[in-house]
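Residues per chain, in single letters:
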2 protein chains.
Amino acid sequence: MKIDNINVSKYPGSTKKYVEGTLYPIRVAMREIHQHPTVTIEKGKRIECPNDPITVYDTSGPYTDPEIEININKGLPRFRENWVIERNDTIELEDITSEYGKARRDNKGLESIRFPILHKPRIAKEGKRITQLHYARKGVITPEMEYVAIRENLDNKERGIPTYITPEFVRDEIAAGRAIIAANINHPEAEPMIIGRAFAVKLNTNIGNSALSSGIEEEVAKAVWSCYWGGDTLMDLSTGDNIHETREWIIRNCPVPVGTVPIYQALEKVNGKVKDLTWEIYKDTLIEQCEQGVDYFTIHAGVLKEHAKLVQDRLTGCVSRGGSIMTQWCVEHDKESFLYEHFDEICEILNKYDVAVSLGDGMRPGSTFDANDKAQFLELEVLGKLTEKAWTHDVQVIIEGPGHIPMHKIKENIDKEIECCHGAPFYTLGPLTTDIAPGYDHITSAIGAAMISWYGTAMICYVTPKEHLSLPNLNDVRDGVIAYKVAAHAADLAKQLPGANIRDNALSKARYEFRWKDQFNLSLDPERAKQYYMESRREAPDADDRFCTMCGPNFCAMRISQNIAETCDK
Amino acid sequence: MKIDNINVSKYPGSTKKYVEGTLYPIRVAMREIHQHPTVTIEKGKRIECPNDPITVYDTSGPYTDPEIEININKGLPRFRENWVIERNDTIELEDITSEYGKARRDNKGLESIRFPILHKPRIAKEGKRITQLHYARKGVITPEMEYVAIRENLDNKERGIPTYITPEFVRDEIAAGRAIIAANINHPEAEPMIIGRAFAVKLNTNIGNSALSSGIEEEVAKAVWSCYWGGDTLMDLSTGDNIHETREWIIRNCPVPVGTVPIYQALEKVNGKVKDLTWEIYKDTLIEQCEQGVDYFTIHAGVLKEHAKLVQDRLTGCVSRGGSIMTQWCVEHDKESFLYEHFDEICEILNKYDVAVSLGDGMRPGSTFDANDKAQFLELEVLGKLTEKAWTHDVQVIIEGPGHIPMHKIKENIDKEIECCHGAPFYTLGPLTTDIAPGYDHITSAIGAAMISWYGTAMICYVTPKEHLSLPNLNDVRDGVIAYKVAAHAADLAKQLPGANIRDNALSKARYEFRWKDQFNLSLDPERAKQYYMESRREAPDADDRFCTMCGPNFCAMRISQNIAETCDK
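Visitor: Explanation requested: the overall build of chain A in the structure shown.
Guide: For chain A, the count of helices and strands is 21 helices and 17 strands. Taken over C-alpha atoms, the radius of gyration comes to 24 Å for chain A, in line with the 25 Å a tight globule of 570 residues would show. Along the three orthogonal principal directions, the C-alpha set of chain A runs to about 85 × 55 × 50 Å. With the model as given, the accessible surface of chain A reaches about 19,600 Å², and the carbon-plus-sulfur share is 49%.

Written out as structure tokens, the structure is:
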């Protein structure tokens, strides 16, 4: 199989910029958006006043760097490999460990869909702890920590904006469990990024095929596309065919951390028969994925046998796929969940590769009616216990949250999460603030996501317009990502993060000065902004550009406002 | 001119339902959504359990009643005319009063675009007060008040849901100035609706041409379309050609209250030259529109001469069209605003027709940088004084609000408004919670609109995806209305209005039971929900219907959850 190079546009009016580290020889990638000068006419003379370029957070990786040659069949540059090797606490394995992985590798019938290169996986040396949490607790600042500190601050320093985000602050937040850097040693293609309440709000996008649709090439395209629009992490939720091979293509070409829900693939391995799931199959799946380079696993270890009966009182039962699978397993076997029973062992696997655990909320409400109920909050308490346990193994933890929650019940969720889970980062799916808008659930949930992020959620999982209805296509991914960029950024403003409003102010200034191109380039979706503007301008080609068709020239408040300013100045 | 009948679909799976008044012989229109039964198989037998129809608020007027024949060239039935006549405090004028209106009427060149029927306007009898506020203060419950009480409650009574909304409660809220029924005696085609903090959150849509685009037929189509999707009131913001005639067509065919900003048309009358605006021209415009049937006027009477200099410190100056026009007028004439100076006279015109005043926020911030600044809050204090003044004339008042406000500054806006304006209903434009998403401002603002509505805003003015870029088309109107229905409904849930969650619960139950058609029909946009679902089903025609392509059959949590329930029951 060969995938044609995926066509990624460069960001308009922008260049890639690298800021160098001071502790380590690292280069932190950012995007710089250039602006046109402000033009005024004074006494008949044209005066140009330059506008500084604006530096923004960049999730697109090498795809938008014209200096780097992209070849999907080779994967992205493995720039973090040396950082890992130099720590001298890992070894390269001669062969992969997973039995299933070996079987897939040796299956000649899969040649045609396999990623062409097999990298040997790395693992912690016997007796060594290698996670970012381990280092943070030891007082060591890693290159990953310096990287994210620089990345979060953008050019605040150049602009003289005081900031609290230093490499030491990053280390301290990680050590306290309040932030994580999900960076599997086997995914050296990904740029380090941080998830934590003290930092910019992040957003995750979900891609992945289902049994009914979508192939490998389409999923890789979605992954790259999602990073281009601003996805900070990416979950591959494939449940269809060839999950192993699809994931390999995605990870090798993904510049952001990749998460999965391993129970999905485990279930595929037993042909969808929940009863046939075993700890051994699950364990092999974890190892298989750890060695491929998955950066974090959603594990529904908080779903207990006793929860099954609580769900019976609900309007919409259990709507978490992983949660419902585990509940069914518990009921069918009349046994406690093997994820819960083997949680220590799970952690000892994860910490050998520095894979973070995202404790799944199997009991999240699937309707506003079920919000904040007993099943949901009992599980949250279990997640708190599991958090403590994971931390004893130096495994980094985030906590997944709802779901469907009406606005007045949102704050209770983050407050309880911080309390039960000792400040571990919260990672929520929306929440959707009403149930009645299928087709618009990116909006019902952007409302809840913005609010809960302001209150302290560290990462929000996007919802596309197709939620509840069908698998999203490329355009839905774009709509979902931008809706969530809006929510995340609105929260950054409300949290008053240092420098968060620079882009807003620049765009508003450009808007006021009718610098249309700058307004487009500074916006979250330059293409769409320009497209909407141009559609109407084609209908009025003679008009000058100091207005848009919304108000027309005589009724443009900004234009009038400027005239007033000129009058006042005279 | 003849307009072809505008094709309005009926709501799928729904019927029109009328609830009769007990105080008055009135019939309150509602929409009833029918549901399929829940089907279960017990011991091999198919058992059907019926699901009650769900009654929802209906803004579509006669357009969705198959019993009423629609003819755009005749206008809607004038069902409220008798209510007004029977109060015996108004008279029919032999001729219209406005000089401009007469000139337009007598201009033969306009025959081709004029609405075919000229209704004689009504006016208060000499010395009579006729507004809903006047009646409420006198302790009189009008048919309009009973209408809205029934309309707000839907079928709560039938369902045994206790409610505080009685006709007497409505009267009391109006008497206190905390709610209004905007119902010009010359717009008897419109159904009464109430705007106030104690009631369901309402949404306004803006339509209207600009100098560069859109004709009468298109604007009427937008008006009807907006009501179909759920717009509670409609502002005709036309600033282009033939404003008078466009408005007549809209009002005669509009089942919801219509608002305008009269200064726009006044400015058209002086060919866009702000300096040439006079009180006399403005006054004639008010009367012209009062007699056409406009239900509420946005009047920027709070923009004072002294405000001009405050705007100079802003990033984006004055972004209110009316506000910037009045500021320019004040600066150019070095005089106080004629709207402020003549406010008592304005009120004495408005109360003769029961036109409500929406006090415009000319100083609203046009960027998050300018949020909650001195200019904005100083104007709000002036609006408070004007509110008191309007109330002495028995004129109903609402207060317009921002704009661009980051989330952490939103609550201060409603708190200050309630304090300064003595509880008069707040009516806000969003607010947009970030500036960086042109093309997605229906989302940036739905976040702010949902929050501020929960905090107490009574009506929100929609924003479409084209905001800041161009005039919205039909599809943008739909996207804007639904985004704002989402925001308004999310607020109703958070305010815990009696019965607000009935539709959510019904939809969620339908979703859980895989009653797809019911799920679509209960949703805010049945067409789009169905379309998204069907698109993917065409790709998988053999699949059964107990899942969607998002997860596929093995990974459908709802399906698994039901299997568990069945297992537990056994």
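That covers the picture; the talk isn't over yet.
Visitor: Would you mind going over the pattern of salt bridges with me for this structure?
Guide: As a working rule, side chains carrying opposite charge can pair if their charged atoms are close by. Residue and element names in this part refer to chain B. In the structure shown here, the tally under the stated rule is 89 salt bridges over all chains. Here R178 and E173 are joined by a salt bridge, their closest N and O atoms 2.8 Å apart. E173 sits in the buried class, given a relative accessible area of 7%.

Visitor: Quick question: what am I supposed to make of the relation of the copies chain B and chain A here?
Guide: One copy of the chain maps onto the second through a rotation around an axis plus a translation along that axis. Turning chain B through 180 degrees and shifting it by 0.0 Å along the axis lays it on chain A, with an RMSD of 0.0 Å. Classification of the inter-copy transformation places it as that of a two-fold axis. The C-alpha atom lying nearest the rotation axis in chain B is that of B:I447; the distance is 2.3 Å. Counting the interface residues of chain B, we find that 99% of their copies in chain A are interface residues as well, pointing to one common contact surface.

Visitor: Help me out: how do you make sense of the nonpolar core in this one?
Guide: Nonpolar side chains in soluble globular proteins tend to end up buried together. Ranked by size, the top nonpolar core spans 279 residues in total, and within it A:L277, A:Y282, A:L350, B:L277, B:Y282, B:I299 and B:L350 carry the most contacts. Not counting residues within four places of it along the chain, the set of residues in contact with A:L350 comprises A:L286, A:F297, A:I299, A:V355, A:A356, A:V357 and A:V395.

Visitor: What am I meant to see in the packing of aromatic side chains here?
Guide: Each aromatic ring pair is described using two quantities: the centre-to-centre distance and the angle formed by the ring planes. Considering all chains together, one arrives at 35 aromatic pairs over all chains under this definition. Ring plane angle 90 degrees and centroid distance 5.6 Å describe the contact between A:F79 and A:W83, whose orientation is recorded as edge-to-face. Looking at A:F79, the relative accessible area reads 32%, which means it is partly exposed. A:W83 sits in the buried class, given a relative accessible area of 12%. By way of ring pairs, the aromatic residues A:Y11, A:W225, A:Y228 and A:W229 are connected into one cluster. Directly above the aromatic system of B:Y455 lies the positively charged group of B:K411, at a separation of 5.9 Å from the ring centroid.

Visitor: Got a minute to help me understand the sheet that holds strand β11 (residues 233–236) of chain A in this structure?
Guide: Sheet strands pair by backbone hydrogen bonding; their relative direction is either parallel or antiparallel. Residue and element names in this part refer to chain A. Taken together, eight strands build a closed barrel; the order of strands is β10-β11-β12-β13-β14-β15-β16-β17 and the barrel is parallel. Looking at each pair of strands side by side, their axes are set apart by 25 degrees on average, direction ignored. Most of the contacts of helix α14 (residues 374–392) go to strand β15 (residues 397–401), to which it runs at about 165 degrees, and overall it touches β14 (356–359) and β15.

Visitor: Sorry, what's going on with unusual backbone geometry here?
Guide: Excluding glycine, a negative phi dihedral is what most residues carry, and trans is how most peptide bonds are arranged. Across the junction of A:G430 and A:P431, the peptide omega takes the value 10 degrees, indicating a cis bond. Tracing the backbone through its elements, the reader meets A:P431 in the loop between β16 (426–429) and α16 (441–455). Phi is positive for A:L154, which is not a glycine, with a value near 50 degrees. Assignment of secondary structure puts A:L154 in the loop between α4 (143–153) and α5 (167–175). Given a relative accessible area of 23%, A:L154 falls into the partly exposed group. One non-glycine residue, B:N242, lies in the positive phi region at around 55 degrees. Assignment of secondary structure puts B:N242 in the loop between β11 (233–236) and α7 (243–252). Owing to a relative accessible area of 26%, B:N242 belongs among the partly exposed residues under this scheme.

Visitor: Just checking my understanding: could you explain the sheet that holds strand β2 (residues 27–33) of chain B for this structure?
Guide: Residue and element names in this part refer to chain B. An order of β1-β2-β5 is seen for the three strands of this open sheet, with the pairing classed as antiparallel. The two strands at the open ends of the sheet, each matched to only one other strand, are β1 (14–20) and β5 (54–56). Between one strand and the next, the sheet's axes are offset by a mean angle of 40 degrees, whatever the strand orientation. In this structure, β1 lies alongside β2, joined through seven bridges in antiparallel fashion. Looking at β2, one finds that T15 is bridged to E32. Contacting β1 and β2, helix α4 (residues 143–153) runs over the sheet at an angle of about 15 degrees to β2.

Visitor: Help me understand helix α15 (residues 410–420) of chain A, please; the structure alone is not making it clear to me.
Guide: An α-helical turn contains 3.6 residues, so any two residues separated by three or four positions project in the same direction. All names here are of chain A. For α15, the full list of buried residues reads I410, N413, I414, E417 and C420. Down the axis of α15, the buried side of the element spans an arc of 140 degrees, and every buried residue falls inside it. If you follow the buried residues of α15, they end up packed against α14, β15, β16 and α16. Two residues or fewer after α15 comes H422, characterised by a positive phi angle close to 55 degrees.

Visitor: Just to check I follow, could you spell out the interface of chain B and chain A for this structure?
Guide: How big an interface is tends to be reported as the loss of accessible area on association of its parts. On the chain A side, the residues contacting the 106 residues of chain B number 105 residues. Together, the buried faces of chain B and chain A total about 8,800 Å²; carbon and sulfur atoms form 71% of this surface. Counting across the interface, chain B meets chain A through two salt bridges. Note that B:E535 and A:K466 form a salt bridge whose closest N and O atoms lie 3.5 Å from each other. Counting across the chain B and chain A interface gives 16 residue pairs in polar contact (both at pLDDT 80 or more). Broken down by element, the side of chain B that touches chain A gets its largest block of residues, eleven residues, from helix α17 (residues 474–494) of chain B. Partitioned by chemical class, the residues of the side of chain B that touches chain A number 56 nonpolar, 34 polar and 16 charged.

Calculation rules
Residues numbered from 1 in each chain as written. Chains lettered and ligands numbered in written order. Predicted model: local features only at pLDDT ≥ 70, side-chain atom pairs only at ≥ 80, totals over all residues. Heavy atoms only, no water. Helix = DSSP H or I, 4+ residues; strand = E, 2+ residues; numbered from the N terminus. Rg over C-alpha atoms; globule rule 2.2 N^0.38 Å. Areas by Shrake-Rupley, 256 points an atom, 1.4 Å probe, with all protein chains shown as cover. Salt bridge = Lys/Arg side-chain N within 4 Å of Asp/Glu carboxyl O. Buried < 20%, exposed > 50% of the residue type's maximum accessible area, 1.4 Å probe, protein only. Least-squares fit on C-alpha atoms with pLDDT ≥ 70 in both. Contact = heavy atoms within 4.5 Å. Core = buried A, V, L, I, M, F, W, Y, C linked by side-chain atoms within 4.5 Å. Phe/Tyr/Trp six-rings, centres within 6.5 Å; stacked < 30°, edge-to-face > 60°. Lys NZ or Arg CZ within 6 Å of the ring centre and 35° of its normal. Pairing = 2+ DSSP bridges. Axes fitted to C-alpha atoms, helices over the stretch in contact; angles between N-to-C directions. Arc of directions from axis to C-beta. Buried area = accessible area lost by both parts, 1.4 Å probe. Polar contact = N/O pair within 3.5 Å; in protein donor to acceptor, adjacent residues only side chain to side chain. Nonpolar A, V, L, I, M, F, W, Y, C, P; charged D, E, K, R; others polar.

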